[in-house]
Amino acid sequence: MLHQAQQALVSLQTKAEQEAALQRENEAIAKGIMAEIAALPNPLTLLDAKAVQNVEQKFERLTKAQQSFVTNQDVLQAAVMAIEELQAMQQADETAAAAVEEVIAALPVVLTLEHAEDVAQAVAAFDALTAAQQALVTNQDELDEAKATIAKLQATQKANEAAAVAMMELIATLEGTL
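In this numbering scheme, every chain counts its residues from 1 along its sequence in written order. Two thresholds apply to this predicted model, a pLDDT of at least 70 for residue-level local features and 80 or more for giving and counting side-chain atom pairs, whereas whole-chain, interface and lining totals are computed over all residues. Heavy atoms from the whole structure form the basis of all side-chain values; hydrogens and water molecules are not counted.

A. Structural view of the packing of helix α2 (residues 49–61) against helix α4 (residues 73–105). Axis definition: a line fitted to C-alpha atoms, over the contacting stretch in the case of helices. Angles run 0 to 180 degrees between N-to-C directions. The helix count covers DSSP runs of H or I at least four residues long, the strand count covers runs of E at least two residues long, and both are numbered beginning at the N terminus. Here α2 crosses α4 at 140°, and the two axes come no closer than 10 Å. Taken as axis vectors, α2 and α4 run oblique relative to one another. Between α2 and α4 the crossing geometry is left-handed. Taking contact as the criterion, the partners of Ala49, Val52, Val55, Glu56 and Phe59 in α2 are, on α4, Gln73, Leu76, Ala79, Val80, Ile83 and Gln87. Just so you know the grouping, Ala, Val, Leu, Ile, Met, Phe, Trp, Tyr, Cys and Pro go in nonpolar, Asp, Glu, Lys and Arg go in charged, and all remaining residues, Gly too, go in polar. Taken together, the residues that form the contact of α2 with α4 break down as eight nonpolar, two polar and one charged. Note that the term roughly parallel is reserved for angles under 35 degrees, roughly antiparallel for angles over 145, roughly perpendicular for angles of 65 to 115, and oblique for everything else. Note: crossing handedness is left-handed where the near helix turns anticlockwise from the far helix by less than a right angle, and right-handed where it turns clockwise. Every residue pair with non-hydrogen atoms within 4.5 Å of one another is taken to be in contact.

B. Focus on a nonpolar patch on the surface. On the surface, Met167, Leu170, Ile171 and Leu174 cluster together to form a nonpolar patch covering roughly 360 Å² of accessible area. Residue position: Met167 is located in helix α7 (residues 140–177). What goes into a patch is any residue over 30% in relative accessible area without a salt bridge, connected to like charges within 9 Å or, for nonpolar side chains (Val, Leu, Ile, Met, Phe, Trp, Tyr), within 5 Å. A 1.4 Å probe and the Shrake-Rupley method give the accessible areas. Residues count as covered only by the protein chains that appear here. Counted as salt bridges are all cases of a side-chain nitrogen of Lys or Arg within 4 Å of a carboxyl oxygen of Asp or Glu.

C. Structural view of unusual backbone geometry. A cis amide bond, omega 5°, links Asn42 with the succeeding residue Pro43. Structurally, Pro43 is set in the loop between α1 (4–38) and α2.

D. View of the side chain of His115. Relative to the elements of secondary structure, His115 occurs in the loop between α4 and α5 (116–127). Leaving out residues up to four positions away in the same chain, His115 has contacts with Pro108, Val110 and Ile150.

E. Inspection of the packing of α5 against α7 at higher detail. At a minimum axis distance of 10 Å, the contact between α5 and α7 shows a crossing angle of 140°. Classified by the interaxial angle, the pair formed by α5 and α7 is oblique. Crossing handedness for the pair α5 and α7: left-handed. Of the residues in α7, those in contact with Ala116, Val119, Ala122, Val123 and Phe126 of α5 are Gln140, Leu143, Ala146, Lys147, Ile150 and Gln154.

F. Highlighting the environment of Ala79. Note on placement: Ala79 falls in helix α4. Burial classes follow relative accessibility: with a 1.4 Å probe on protein chains only, a residue under 20% of its type's maximum area counts as buried, one over 50% as exposed, and anything between as partly exposed. When its relative accessible area of 6% is taken as the criterion, Ala79 is described as buried. In this structure, the C-alpha to C-alpha distance between Ala79 and Gln53, residues 26 residues apart in sequence, is 9.3 Å. Ignoring any residue separated from it by four or fewer positions in sequence, one finds Ala79 in contact with Leu40, Leu44 and Val52.

Given below as structure tokens:
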């Protein structure tokens, strides 16, 4: 039979072995999460949002002890922040594009030369967008058609004015011969 001191020593050894086994298990779990964090793309795009969210959720489900073994938590947090920034930028782009879409949609269906300034303002609003924002504008074709219509109307007006001047000159010439 073991004496009390020996039993205490065996109990301490068993407890230490259990703690060491638990630590190895926690380290192995943390190593898996660390590998997933390291595998996240760099640089991130909005297409990576789901992957970042999945890794973040797995990390959050870890115990505090397991989380303490994850040595690249800062990389995960930076990825989460980067996705949040990209999402905010996307939202801002969508808002800017929607505002221009409204300006374009407000243009009359039947354009006259009196609408040239309205079309010019719509064009200026569209041109002020970034390329990414312009790509989100769903009614750009309507703007292009409006620009073309105004250009045709202006060309027709110029031609009509030139014809009127020529006709007036011809009349003046004829009046002089009569």
